[in-house]
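# An overview of the molecular structure
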Amino acid sequence: MADRFAAIDIGSNTFRLLIAERSTQSGHTPWSTVCYTHRIIRLGEGLHHTGMLAETAMLRALKAFAEFSTLLQQHGVSTTRTFATATAAMREAANGTDFRDRVKQETGIDIRIIDGEREARLSLSGAGAVLTPSTRNDMLLFDIGGGSTEFIRASHQLCHDAISRKLGVVRLVEAHLHSDPPSAADYQAMLTTIDTHLAEVESFWRDGKAPAYLVGTAGTVTTLAATELDLCPYDAGVINNHRMSRSAFEALRDRLMRMNHAERQTIRTIEPGRADLIIAGLAIIDAIFRRWHYDCMYVVDAGLLEGAWMEISGS
């Protein structure tokens, strides 16, 4: 177990745990998975309105951390070999650092609250480990989270620039999704809000140029890919480097937009807790397609979690 390390991705919606060993097989990912699990917690619930982590959300989170702590012990991974990263929800909440301390006291997990730029770079590291060389040669990688979305322009694993925007699916749903099924007005309000953020992303780019390839990572994007493929059980190997055309995306968007929450939740590739958030995810991807005129998106399962594992393991 001397070569075993763990990473925890503490998002505004989903918590993920990866316990892995360094891979010795050439041509494969740097990690060989020992244990992977995730929980949909919605830690950022209500944060948009209150600026605080809600007690009910923190209790859900503590239960997940206790389960993760047990798994770490069972697999012989010490806290010094675990990199637990917290992103938008904990870095924005006024009680985020207090909650970090509470987690350490109650579960032993030492959380590091990272800024948006470091989040983006870790996502690039993880995604780049599984992307085909031709795609990562010149790409715009976006990582949709519950509280923020990161945009990274990169080539050959070199990050040219990275920017994080307060553009997450939990935030968008709480601000704009008021009808079920989603109304045209609700969806347009999301698109308008998102495009304002995308304009800021574009102004951040010194040359204003969108890279050749569009790559999406994180749960919203992988769920859409799995839904397009009707992939159940989920298989990361199938998802990695999947090409979703713009026309296929639009067909899936229209299908999901016609459904109400209960109908979307019956789709076997949409796990409990994502049926409402998927609408905001559709809007983010839709706005990206519209603004930068991509004709397809490449999907990758790996991202921040795997990047954090690579950092703690020295891979």
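Per-chain numbering applies: the sequence of each chain, read as written, is numbered from 1 onward. Since the coordinates come from a predicted model, pLDDT governs what is reported: local features require at least 70, and pairs of side-chain atoms require 80 or more to be given and counted, while whole-chain, interface and lining totals use all residues. Computation of side-chain values covers all heavy atoms of the structure but excludes hydrogens and water.

### With respect to the packing of aromatic side chains
We call Phe, Tyr and Trp rings a pair once their centres come within 6.5 Å, taking the six-membered ring for Trp, and we label the pair stacked below 30 degrees between planes, edge-to-face above 60, and tilted otherwise. For the coordinates displayed, the defined rule picks out six aromatic pairs. Between F65 and F99 the ring centres are 6.5 Å apart and the planes differ by 45°, which places this aromatic pair in the tilted class. Note that F65 is positioned in helix 2 (residues 55–74) and F99 in helix 4 (residues 96–107), a separation of 34 residues in sequence. The exposure class assigned to F65 is buried, which follows from its relative accessible area of 0%. Aromatic rings pair up to connect F15, F65 and F99 into one cluster. Elements are defined by DSSP. Helices are runs of H or I of four residues or more, strands are runs of E of two residues or more, and each kind is numbered from the N terminus. Burial here depends on accessible area, computed with a 1.4 Å probe over protein chains only, as a share of the maximum for the residue type. Under 20% is buried, over 50% is exposed, and the range in between is partly exposed.

### Here's the deal with the pattern of salt bridges
Salt bridges are defined by distance alone: a side-chain nitrogen of Lys or Arg within 4 Å of a carboxyl oxygen of Asp or Glu. Applying the stated criterion across every chain, the model contains 26 salt bridges. Note that D3 and R22 form a salt bridge whose closest N and O atoms lie 2.2 Å from each other. One end of the pair, D3, is in the segment before strand 1 (4–10); the other, R22, is in strand 2 (residues 14–22), and 19 residues separate them in sequence. Taking the relative accessible area as the measure of exposure, D3 reaches 29% and is therefore partly exposed. Looking at R22, the relative accessible area reads 34%, which means it is partly exposed. Notably, a salt bridge pairs E250 with R246, separated by 3.1 Å at the nearest N-O pair. Of the two residues, E250 and R246 both sit in helix 11 (residues 246–258), four residues apart, roughly one turn of that helix. Exposure remark for E250: the relative accessible area of 26% places this residue in the partly exposed category. Connected through shared salt-bridge partners, R253, D254, D286 and R290 make up one network.

### So, empty space enclosed by the protein
Here a cavity denotes grid points, spaced 1 Å and computed from the protein atoms alone, that fit a 1.4 Å probe unable to get out, and a pocket denotes an open set having protein on both sides within 12 Å along at least 5 of 7 lines; residues with an atom within 4 Å of a point are the lining. Grid points are joined across faces, edges and corners, and a volume is the space filled by probe spheres set on the points. In total, this model carries one cavity of 30 Å³ or more according to the counting rule given. Here the largest cavity is characterised by a volume of approximately 70 Å³. Every residue lining the largest cavity is listed: S12, G44, L47, H48, A88, A89, E92, G146, G147, V170 and R171. If you list the elements that add at least two residues to the lining of the largest cavity, you get helix 1 (47–50), helix 3 (88–92) and helix 7 (169–176). Looking at the lining of the largest cavity, the element that brings in the most residues is helix 3, giving three residues.

### Some thoughts on the packing of helix 2 against helix 4
Only the stretch in contact is used when fitting a helix axis, every axis being a line fitted to C-alpha atoms; angles between N-to-C directions are given from 0 to 180 degrees. Orientation of helix 2 relative to helix 4, taken along the N-to-C sense of each, is 40°, at an axis distance of 10 Å. The orientation of helix 2 relative to helix 4 falls into the category oblique. Where helix 2 crosses over helix 4, the two elements pack in a sense that is right-handed. Contact residues: helix 2 offers E55, M58, L59, A61, L62, F65, A66 and S69, while helix 4 offers F99, R102, V103, E106 and T107. Each residue gets one label: Ala, Val, Leu, Ile, Met, Phe, Trp, Tyr, Cys and Pro are nonpolar, Asp, Glu, Lys and Arg are charged, and the others, such as Gly, are polar. Residue classes in the contact of helix 2 with helix 4 are distributed as eight nonpolar, two polar and three charged. An angle below 35 degrees is read as roughly parallel, one above 145 as roughly antiparallel, one from 65 to 115 as roughly perpendicular, and any other as oblique. Left-handed is the label given to a crossing in which the near helix is rotated counterclockwise from the far helix by less than a right angle, and right-handed is the label when the rotation is clockwise. Every residue pair with non-hydrogen atoms within 4.5 Å of one another is taken to be in contact.

### Here we look at the nonpolar core
Counting 48 residues, the largest nonpolar core has F142, F151, I194, L224, L256, I285 and M297 as the members making the most contacts within it. Of all elements in the fold, only strand 6 (139–144), helix 7, helix 8 (184–204), helix 9 (219–229), helix 11, helix 13 (277–292) and strand 11 (296–300) reach the threshold of two or more residues within this core. When residues of this core are assigned to their parent elements, the largest contribution, 12 residues, is made by helix 13. Beyond its immediate chain neighbours, meaning those up to four positions away, F151 contacts L140, L141, F142, D161, A162, I163, R165, L167, L198, V201 and I288. The next biggest cluster of nonpolar side chains, apart from the first, holds 30 residues, and it includes A61, V77, A89 and A93. What we call a nonpolar core is a set of buried Ala, Val, Leu, Ile, Met, Phe, Trp, Tyr and Cys residues that are connected through their side-chain atoms within 4.5 Å.

### Some points on the sheet that holds strand 4 (residues 82–86)
Strands were regarded as paired on the criterion that DSSP finds at least two bridges between them. Read across the open sheet, the five strands follow the order 3-2-1-4-5; overall the sheet is mixed. Strands at the two margins of the open sheet, each flanked by one partner only, are strand 3 (31–40) and strand 5 (111–113). The mean inter-strand angle of the sheet, taken between neighbouring strand axes irrespective of direction, is 20°. Examined bridge by bridge, strand 1 and strand 2 share seven bridges and lie antiparallel to one another. Among the inter-strand pairings, I10 is bridged to a residue of strand 2, identified as F15.

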